[in-house]
Amino acid sequence: MKTNLIFPTWSGSEAKYSPTYLEDTSKILLSLFQLPNNTHVNKSARELLSGIYQYLEKMEGFKYQLSEGFIKNIEGVEYGSCCNPDGSQFIIEHRIPMKVIRERIRSIDFESNEDFIKYLKEGYSLCLITKEEDRLLNAAKLTSSMPKNGNCRYAEVGIILL
């Protein structure tokens, strides 16, 4: 079955989305999660989910939480340096790792596409943390997983989110 989907096109730094982008993309993503889990399905799901979150960030605004370490070290930081992937002083992290989000989506039977979109919107937030705090997550092997005890991965390693 052929569908006529319009994915974002980039003009300078602004994405232009179709009015039905979120609805169309989320339907495709839900369909992907009905397929057997394999590398190709996971890669496609990861790309679609990233696109949805980019859409939410641009169209509905960022939801940031700041670590206590970030707040203590914010003075003297040049604007934009926290977003510089090559040598930034701070890290932008998903509160819940994308891998965990994908696994959770697979395990939920959503009643409607609207329920799925609501789930995506409610569960999405970003955290700004220091490189040292990021090293704590890495050492605890919590960069792409959550603690087995169900705690917040940041609290597990002593990072305080404000």
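In short, a report on the structure. Just so you know, these numbers come straight off a predicted model, no measurement behind them.

Re the overall build of the chain
At step 1: Within the chain, the regular secondary structure consists of 7 helices and 5 strands.
At step 2: For the chain, the residues scored as buried account for 38% of the 162 residues in total.
At step 3: For the chain, contacts bridging at least 24 residues in sequence account for 69% of all contacts bridging at least 6.
At step 4: Carbon together with sulfur atoms contributes 51% to the accessible area of the chain, which is approximately 10,300 Å² in total.

A look at a negative patch on the surface
At step 1: A contiguous patch of negative charge on the surface is contributed by Asp109, Glu111, Glu114 and Asp115.
At step 2: Classification of Asp109 as exposed rests on a relative accessible area of 72%.

Quick notes on the layout of surface pockets
Empty space among the atoms becomes apparent when a probe as large as a water molecule is rolled across them.
At step 1: Its boundaries defined by the atoms lining it, the largest pocket holds a volume of some 170 Å³.
At step 2: Considering the residues around the largest pocket, the lining is formed by 11 residues, among which Gln54, Glu57, His94, Tyr124 and Leu126 are closest to the centre.
At step 3: Residue assignment for the lining of the largest pocket shows that the elements contributing at least two residues are helix 2 (39-60) and strand 4 (90-94).
At step 4: Broken down by class, the residue content of the lining of the largest pocket amounts to 7 nonpolar, 3 polar and 1 charged.

Some words on the nonpolar core
At step 1: If you look at the biggest cluster of nonpolar residues, it comprises 26 residues, and the most contacted ones within it are Leu29, Leu49, Tyr53, Ile101, Ile105, Phe116 and Leu120.
At step 2: Elements supplying a minimum of two residues to this core: helix 1 (21-32), helix 2, helix 4 (98-107) and helix 5 (113-122).
At step 3: Top element by residues in this core is helix 2. It accounts for 8 residues.
At step 4: Residues within four places of Ile105 in sequence aside, it is in contact with Phe33, Leu49, Phe110, Phe116, Tyr119 and Leu120.
At step 5: If you look at the next biggest cluster of nonpolar residues, it comprises 9 residues, including Cys127, Val157, Ile159 and Leu161.

Notes on the pattern of salt bridges
It is possible for side chains of opposite charge to pair when their charged atoms get near one another.
At step 1: Taken as a whole and assessed by the stated rule, the structure comprises 5 salt bridges.
At step 2: The salt bridge partner of Glu68 is Lys72, with a shortest N-O separation of 3.9 Å. Here the residue Glu68 and the residue Lys72 both occupy positions in helix 3 (residues 68-72), the gap between them amounting to 4 residues, near one helical turn.
At step 3: Glu68 gets classed as partly exposed once you look at its relative accessible area, which sits at 30%.

So, the sheet that holds strand 5 (residues 126-130)
Neighbouring strands of a sheet are bound in pairs by backbone hydrogen bonds; such pairs are parallel or else antiparallel.
At step 1: Taking strand neighbours across the sheet as the criterion, the 3 strands line up as 3-5-4 in an open arrangement whose pairing is mixed. Edge positions in the open sheet fall to strand 3 (64-66) and strand 4, since each of these has one partner strand only. When strand polarity is set aside, the average angle formed by the axes of neighbouring strands in this sheet is 30°.
At step 2: Bridging between strand 4 and strand 5 involves 5 bridges; their strand directions are antiparallel. Its bridge partner lying in strand 5, Ile92 is registered against Leu128.
At step 3: Helix-sheet contacts for helix 6 (residues 131-139) involve strand 4 and strand 5, and the interaxial angle to strand 5 is about 105°.

Procedures and definitions
Residues numbered from 1 in each chain as written. Predicted model: local features only at pLDDT ≥ 70, side-chain atom pairs only at ≥ 80, totals over all residues. Heavy atoms only, no water. Helix = DSSP H or I, 4+ residues; strand = E, 2+ residues; numbered from the N terminus. Buried < 20%, exposed > 50% of the residue type's maximum accessible area, 1.4 Å probe, protein only. Contact = heavy atoms within 4.5 Å. Areas by Shrake-Rupley, 256 points an atom, 1.4 Å probe, with all protein chains shown as cover. Patch = residues over 30% accessible without salt bridge, like charges linked within 9 Å, V, L, I, M, F, W, Y side chains within 5 Å. Salt bridge = Lys/Arg side-chain N within 4 Å of Asp/Glu carboxyl O. Lys, Arg positive; Asp, Glu negative; His and termini not counted. Charge placed at Lys NZ, Arg CZ, Asp CG, Glu CD. 1 Å grid on protein atoms, 1.4 Å probe; cavity = no way out; pocket = protein on both sides within 12 Å on 5 of 7 lines; lining within 4 Å. Points joined across faces, edges and corners; volume = space filled by probe spheres on them. Nonpolar A, V, L, I, M, F, W, Y, C, P; charged D, E, K, R; others polar. Core = buried A, V, L, I, M, F, W, Y, C linked by side-chain atoms within 4.5 Å. Pairing = 2+ DSSP bridges. Axes fitted to C-alpha atoms, helices over the stretch in contact; angles between N-to-C directions.

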